There are 2 protein chains.
Amino acid sequence: MTIYNFSAGPATLPKAVLETARDEMLDYQGSGMSVLEMSHRSPEFDKIIKDAESTLRELMAIPDNYKVLFLQGGASLQFSMLPLNLAQGKKVYYLVAGSWGKKAYTEAVKLSKTIEFEPILLASSEDTVYDHIPSFDAATIDPQAAYVHLTTNNTIEGTAIYDLPDTNGVPIVADMSSNILAARYNVEDFAVIYAGAQKNIGPAGVTVVIIREDFLNDQPMLSSMLDYRIQADNDSLYNTPPAYNIYISKLVFDWVKNEIGGVDKMAEIEREKSGLLYDFIEKSDFYTSPVKFAKDRSVCNIPFVTPSKDLDAKFAKEADAAGFKNIKGHRSVGGMRASIYNAFPRQGVLDLLDFMAKFEAENK
Amino acid sequence: MTIYNFSAGPATLPKAVLETARDEMLDYQGSGMSVLEMSHRSPEFDKIIKDAESTLRELMAIPDNYKVLFLQGGASLQFSMLPLNLAQGKKVYYLVAGSWGKKAYTEAVKLSKTIEFEPILLASSEDTVYDHIPSFDAATIDPQAAYVHLTTNNTIEGTAIYDLPDTNGVPIVADMSSNILAARYNVEDFAVIYAGAQKNIGPAGVTVVIIREDFLNDQPMLSSMLDYRIQADNDSLYNTPPAYNIYISKLVFDWVKNEIGGVDKMAEIEREKSGLLYDFIEKSDFYTSPVKFAKDRSVCNIPFVTPSKDLDAKFAKEADAAGFKNIKGHRSVGGMRASIYNAFPRQGVLDLLDFMAKFEAENK
């Protein structure tokens, strides 16, 4: 039985990457060492982290006046680091279109009890379980604010922002964890982009932060580890980085570049793959998408429901038994969620459609 | 040529662990997935992290009233998390016997500019380049202080504390990064033990924190990720943990338990292995140890120097060419440093002694 891993993250990695990792496990390119045990100050690792950065720069067309950092703590630690470093006593706005965006806002509020600045909820679609990207009037944004935070892809709810909103000139900071490298964004439209690796980049345990240099703090932060300036000045080697996680990320960047042909091609593949599922759901009178507007559809996370909760539970159980793993939806949305990130094989979507058709026929 | 990796960390892992990691890379125990791409909420990973914890509990005899956490950010993030969570407005003392202990103190001072508490330098051997563990008068410690911080093994300088000092009843918090599982400590003697994995536990990117439950904070911290209570209440799954790093750590814990026979046996092996080097250096009138007192000797990091800086440089260069990698000492101490953590093979020490004898004969 073929196993397809629909996990929302950590998620499927390219098979070729895993094969390379396996082949190099005991001896990385003749060094006599595994990358798992290699000094982060060694010439071998120096090349790995520099190659990872340069390939990511090429893939995303990151301008020279942006720093690329490989940090620890996931997007969740960025929820605190961002306001800590960037708020500077000012207003900061949060566009909340999903559970993770709300967490980002909640952490800013939490921090604001110790560090002085003003987090503001710009708009939220929480009252409709985040079934769409909420709109707002840009004129309500104080142009002196430090930033507007948004989430480009809502992992749990399956929505995404492709066209950035008007923020009245205030810089945009984005959590791109679940669709980085799966959709094309113009890096220059952002002050900061950050992404936990475990969806489209690599294994859990490394977080990419892309920050425009003039947003690096001038004053020291309360912790060196939480200080973007220190991390940037040390090229992500202020302390021992998650070296193996960076190595796997590098292999994934190489895969997107060499096997796929870059981000535009990858985005095209993701649109086609997710389109197969959306088309099927649209044509069905059995399955429904909880996403309200077609323009908000994520290409990475596709939630869907059957006509009842009982059938949802039955679907999830039978799908798991048939090798479609981790397809049960998040408890806040219910139903199912097919996370089909960059490395998820197209054949897995086709096989899922067959299974969905069969399940519909048996349970209609 | 056999390669021996004397890196101070990330450091040599047991070959058997790497072989298992290689064999399971594409299919973890019939799951059809790599641990690199496995959901942290899957039954497979649930078992990995629980097994990791229970084996570590067994190895270190961790009592039930201690929580075991697997966090991100290295010991360096603990330098901030500890005072943030534990200081509670009180005095905190730092015994500084090495460069990392000084960093821990420096971070506490940095944090105290934002959060009110009083970091105090209890004693330091910095003026003699940390060539010994400094002593202090316990009566100078305010018994109402929150904790006394110490480093059980000074990675750079090659010293260690085996017998804990009298702290006037104040709880001890210890950075055990570089000799955890290599020497026997009584966990009940500590309020908190923490250790970056990349020396004796596993790959860089995961940090073990062992904390007595009554030291968990009752008040929320300024960031959920930096809040021991939240991390403990969520069994280290508040956000996506560094799953692969935890998996490798579990394999190392299994290795210490099953292949070595536990921490006491491991400690005996480390004493014997390091003893070979110390005996050789003691008998030599060419090599010298910068560690002042035999009682302070680390079993994991053994620094040594030749009669001159030129010969040190020559040694490091020739050793590297002969397959003895990363043996150059830290720039603050100079000379060489042989880091021979748990997984470092005894044969590597014997081969190094042969090389040292030959180098001495050629350069005396």
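These numbers were taken from a predicted model, which means no experiment stands behind them.

Moving on to the sheet that holds strand β10 (residues 207-212) of chain A. Residues and elements named next belong to chain A. Across the sheet, seven strands lie side by side as β2-β10-β9-β8-β5-β3-β4; this open sheet has mixed pairing. Taken across any chain shown, the strands that pair with only one partner, and hence form the sheet edges, are β2 (66-71) and β4 (118-124). Ignoring strand direction, the axes of neighbouring strands in this sheet form an average angle of 15 degrees. With six bridges connecting them, β2 and β10 associate as antiparallel partners. Paired with Lys67 across the strands is Ile211, a residue of β10. Along the sheet, helix α3 (residues 74-86) contacts β2, β3 (91-96), β5 (147-151), β8 (172-175), β9 (192-196) and β10; its crossing angle with β9, the most-contacted strand, is approximately 160 degrees.

What follows covers the confidence of the model for chain A. In this model, chain A carries a mean pLDDT of 97, and residues with pLDDT of at least 70 account for 100%. Quick note on the complex model: pTM equals 0.98, ipTM equals 0.98.

Turning next to the domain arrangement of chain A. By convention, interface size is frequently given as the accessible area that disappears when the constituent parts associate. All names here are of chain A. Taken domain by domain, chain A holds domain 1 (15-259) and domain 2 (262-363). Using only C-alpha atoms to locate each centre, domain 1 and domain 2 end up separated by 27 Å. Contacts between the two partners involve 27 residues from domain 1, matched on the other side by 26 residues from domain 2. Interface area, domain 1 with domain 2, both sides summed: about 2,100 Å², of which 55% is carbon and sulfur. Area buried by domain 1 at its contact with domain 2 is led by Ile156, Ala182 and Arg184, which between them contribute 23% of it. Along the contact surface separating domain 1 from domain 2 lie one salt bridge. With its nearest N and O atoms 2.9 Å apart, the salt bridge here joins Arg184 to Asp264. For the pair domain 1 and domain 2, the interface holds 13 residue pairs in polar contact (both at pLDDT 80 or more). Elements supplying a minimum of two residues to the side of domain 1 that touches domain 2: β6 (153-154), β7 (159-160) and α6 (243-260). Ranked by residue count, the leading element in the side of domain 1 that touches domain 2 is α6, at three residues. For the side of domain 1 that touches domain 2, a count of residues per class yields twelve nonpolar, ten polar and five charged.

Now for the relation of the copies chain A and chain B. When chain A is fitted to chain B, the residual RMSD is 0.0 Å, and the transformation amounts to a turn of 180 degrees plus an axial shift of 0.0 Å. Each copy turns onto its partner about a two-fold axis. Relative to the rotation axis, the C-alpha of Arg22(A) is the closest in chain A, positioned 2.4 Å from it. Here 100% of the interface residues in chain A have copies in chain B that are interface residues too; the copies meet face to matching face.

Another aspect to go through is the pattern of salt bridges. For side chains of opposite charge, pairing can occur when their charged atoms come near one another. Under the counting rule described, the total for this entry stands at 44 salt bridges over all chains. Asp51(B) is the partner of Lys47(B) in a salt bridge, and the nearest nitrogen-oxygen pair spans 2.8 Å. Residue Lys47(B) and its partner Asp51(B) are both found in helix α2 (residues 43-60); the two are separated by four residues, about one turn of the helix. On the accessibility criterion, Lys47(B) (52% relative accessible area) is exposed. Note that Glu58(B) and Lys257(B) form a salt bridge whose closest N and O atoms lie 3.3 Å from each other. With Glu58(B) in helix α2 and Lys257(B) in helix α6 (residues 243-260), this residue pair connects regions lying 199 residues apart in the sequence. The class of Lys257(B) is partly exposed, set by a relative accessible area of 31%. If you follow the salt bridges from partner to partner, you end up with Asp285(A), Glu360(A) and Lys364(A) in one network.

Note: most residues except glycine have negative phi, and most peptide bonds are trans. Residues and elements named next belong to chain A. The omega angle of the peptide bond from Gly9 to Pro10 is -5 degrees, so this bond is cis rather than trans. Note that Pro10 resides in the loop between β1 (4-5) and α1 (15-23). Positive phi values are uncommon outside glycine, yet Asp235 reaches one of about 50 degrees. Topologically, Asp235 is positioned in the loop between α5 (228-233) and α6. Judged by relative accessible area, Asp235 falls into the exposed class, the value being 53%.

Residues and elements named next belong to chain B. The seven strands lie next to each other as β2-β10-β9-β8-β5-β3-β4, forming an open sheet whose pairing is mixed. With one partner strand each, in any of the chains shown, β2 (66-71) and β4 (118-124) form the two edges of the open sheet. Taking each pair of neighbouring strands and ignoring which way they run, the sheet shows an average axis angle of 15 degrees. With six bridges connecting them, strand β3 (residues 91-96) and β4 associate as parallel partners. When the sheet's bridge partners are listed, Leu95 is paired in β4 with Ala123. Against the sheet, helix α3 (residues 74-86) engages β2, β3, β5 (147-151), β8 (172-175), β9 (192-196) and β10 (207-212), with an angle of about 160 degrees to β9. Its contacts with the sheet place helix α4 (residues 99-111) against β3, β4, β5 and β9, and it is angled at close to 155 degrees to β3.

Scoring rules and cut-offs
Counting starts from 1 at the beginning of each chain's written sequence and moves along it residue by residue. The order in which chains are written sets their letters, starting at A; the order in which ligands are written sets their numbers, starting at 1. Only residues with pLDDT of at least 70 get local features here, since the model is predicted, and only at 80 or more are side-chain atom pairs given and counted; chain-wide, interface and lining totals rely on the full set of residues. Neither water nor hydrogens contribute to the side-chain values; these are computed over all heavy atoms in the structure. In short, DSSP must find at least two bridges between two strands for them to pair. Under the scheme used here, helices are H or I runs from DSSP no shorter than 4 residues and strands are E runs no shorter than 2 residues, and both carry numbers assigned from the N terminus. Between the N-to-C directions of two axes lies an angle of 0 to 180 degrees, each axis being a line fitted to C-alpha atoms and, for a helix, fitted only over the stretch in contact. Throughout, a residue-residue contact means that at least one pair of heavy atoms, one from each residue, lies within 4.5 Å. As a per-residue measure, pLDDT reflects the predictor's confidence and takes values from 0 up to 100. Domain boundaries shown here were taken from an automatic or database domain assignment. Defined in terms of a 1.4 Å probe, buried area is the accessible area two parts forfeit on being brought together, summed over both. Salt bridges are defined as contacts in which a side-chain nitrogen from Lys or Arg sits within 4 Å of a carboxyl oxygen from Asp or Glu. Under the rule applied, a polar contact is a pair of N or O atoms within 3.5 Å (in protein, one hydrogen donor and one hydrogen acceptor; residues adjacent in sequence only if both atoms are side-chain atoms). In this classification, Asp, Glu, Lys and Arg are treated as charged, Ala, Val, Leu, Ile, Met, Phe, Trp, Tyr, Cys and Pro as nonpolar, and every other residue, Gly included, as polar. Here the copies are superposed with least squares, the fitted atoms being C-alpha atoms of residues at a pLDDT of at least 70 in both. Three exposure classes are used, based on accessible area relative to the maximum for each residue type with a 1.4 Å probe and protein chains only: buried under 20%, partly exposed in between, and exposed over 50%.

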